Amino acid sequence: PLFFSGNGPSGICLSYLLSGYTPYFKRHSLHPHPILQRKLEEAPEVSVLDQDLEYLSEGLEGRSHSPVALLFDALQRPDTDFGGTAESVLTWWHEPDRAIPHLVLGRNPPGGAWHSIEGSMVTLSKGEWMGLPDLPFKEWLKQKRRGLRNNRATAEDIAQYYQHYVVKKGLQKNFKCGTVVTSVRKVSAESISSHTQEDLQEDSDSLRNSSEKSTEVFQVDGFFKTLGGDKEPFSICAENVVLATGTYDNPTWLGVKGENLSYVHHQLSALEEAVKNNSVGIMSDPVLIVGAGLTAADAILFAHHCNIPVIHVFRRRVTDPGLIFNQLPKMMYPEYHKVHQMMKEQTAACAGPYESYISLPEHHVLSFGKDKKCIFQDKNGCQKAYKISMALVLTGSNPNLSFLPNNGVDLAMDSDQPVNSKRNPIDVDPFTYECTQQKGLYALGPLAGDNFVRFVQGGALAAACSLLKKANKNPP
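Residues numbered from 1 in each chain as written. Predicted model: local features only at pLDDT ≥ 70, side-chain atom pairs only at ≥ 80, totals over all residues. Heavy atoms only, no water.

By the naming in an unreviewed UniProt entry, the protein is Oxidative stress-induced growth inhibitor 1, taken from Cisticola juncidis. In its Subcellular location (unreviewed entry) section, UniProt records this for the protein: "Midbody". (UniProt positions renumbered as here; feature names shortened; annotations may be inferred.)

The structure is reproduced here in structure tokens:
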């Protein structure tokens, strides 16, 4: 019996694998990686879920630090990093007797945070990398009689595809949307009385008796929103819980004076709203954008498109190899290349060709004033003041793990710091994705340091293997 919090791509993929859908090596298919091909040919009749993932993934290289993420990606998209379009070497069989009862809890419809992103935004990843097992994204888009712009997809397309996937694969009965989890904690099985188990699913009898085998179980508390807008509480027990909540919830704050003033915002949607309301425009004071990631770049492109003046402040050098723009191929990402060019050519020190944009590299914000004056400092300690109309602090986000004891900090790689998908993910076993500090608790996706849809699926594969072993659903 199993519950997982978060119904984005990680949660959907794991639900698929736990619903009896089982991947096998497709006979007579040829993988471009000769060593992997040889390993796959050793036991073609054994499902990938029942094989040794560490052995299969050994020696694979690519754009992820997770060996299982690289393995599952290589099986589904064999030569995609070299521009190839080779078909998946997997074939999927539905074996219902291997299914494990589970519930996927999420606030939004299936697709998670993809429903909260501005629909016209174009994805960073190539469209086909956004797809889930056994339903290529490109094929789904073709049915809509649409193509991919520059090989990429809009957030609206992605959100619709994930909803369609859940219906097409018959997974709806496992999904409970409009659900907010408020607490996940370990309790002794004896302390739970039968009446604490609220029914979240008509046929959840198989889920209810979870406390019989184990001495300790997880108690999951929360509420779901009814159509009438009421909050109905629930309390459920499970031996295993999967955290797949992503990191979209909590924008990072700078922690400077005046950051809580009403003109300082931490989400791109605030700029879109301001443009709609005509509260910023071509004649207004500049909009301040803080940050040098892709969300900041999206804000600059949006402001540039609306002829709104921008002051752009960021801590790094423009040539810093850690800057995301220095890692993106120019041909595939012309719009981000343009922002990078603006950052380089249009500093306050030297006017460049781009009107109404000023770049301040190696600067940081000292304070926001009530009079909308903002003070910056450069690396030499020199200070500058600018009058602005609004500020957007777009320096990343942190997961909201307030439902875990101590906000989940004890589960992180560095247990003195908050969980952060890039700097301090949850510490998991690389071949099971079970938390090293808490058995029975699993973490997938950005919480475990996997930040691209293309690679989160490997975590789902690892967790599914582990959970099937625990439930004795793996054939001998």
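All told, the structure shown has 11 salt bridges when counted by the stated rule. The salt bridge involving Glu87 is made with Lys26; its shortest N-O contact spans 3.7 Å. Of the two residues, Glu87 is situated in the loop between helix H4 (67–76) and strand E3 (90–94) and Lys26 in the loop between strand E2 (21–25) and helix H2 (34–42); the sequence distance between them amounts to 61 residues. Measuring nitrogen to oxygen at the nearest pair gives 3.0 Å for the salt bridge that ties Asp73 to Arg77. Residue classification places Arg77 among the buried residues on the basis of a relative accessible area of 12%. (Salt bridge = Lys/Arg side-chain N within 4 Å of Asp/Glu carboxyl O. Helix = DSSP H or I, 4+ residues; strand = E, 2+ residues; numbered from the N terminus. Buried < 20%, exposed > 50% of the residue type's maximum accessible area, 1.4 Å probe, protein only.)

Further remarks concern the side chain of Gln76. Looking at the element boundaries, Gln76 is found in helix H4. Here Gln76 falls in the buried class, since its relative accessible area comes to 12%. The residues touching Gln76, leaving out its near neighbours within four places in the chain, are Ser88, Leu90, Leu132, Pro133 and Gln457. (Contact = heavy atoms within 4.5 Å.)

Let us now look at helix H9 (residues 294–305). Working note: α-helix, 3.6 residues per turn, so residues spaced by three or four point in the same direction. Compared with an ideal rise of 1.5 Å per residue, which puts 12 residues at 16 Å, H9 spans 16 Å between its outermost C-alpha atoms and is within 8% of the ideal. Among the residues making up H9, those that are buried are Leu294, Ala296, Ala297, Asp298, Ala299, Ile300 and Ala303. Asn307, located one to two residues past H9, shows a positive phi value of around 60 degrees. (Expected span 1.5 Å × (residues − 1).)

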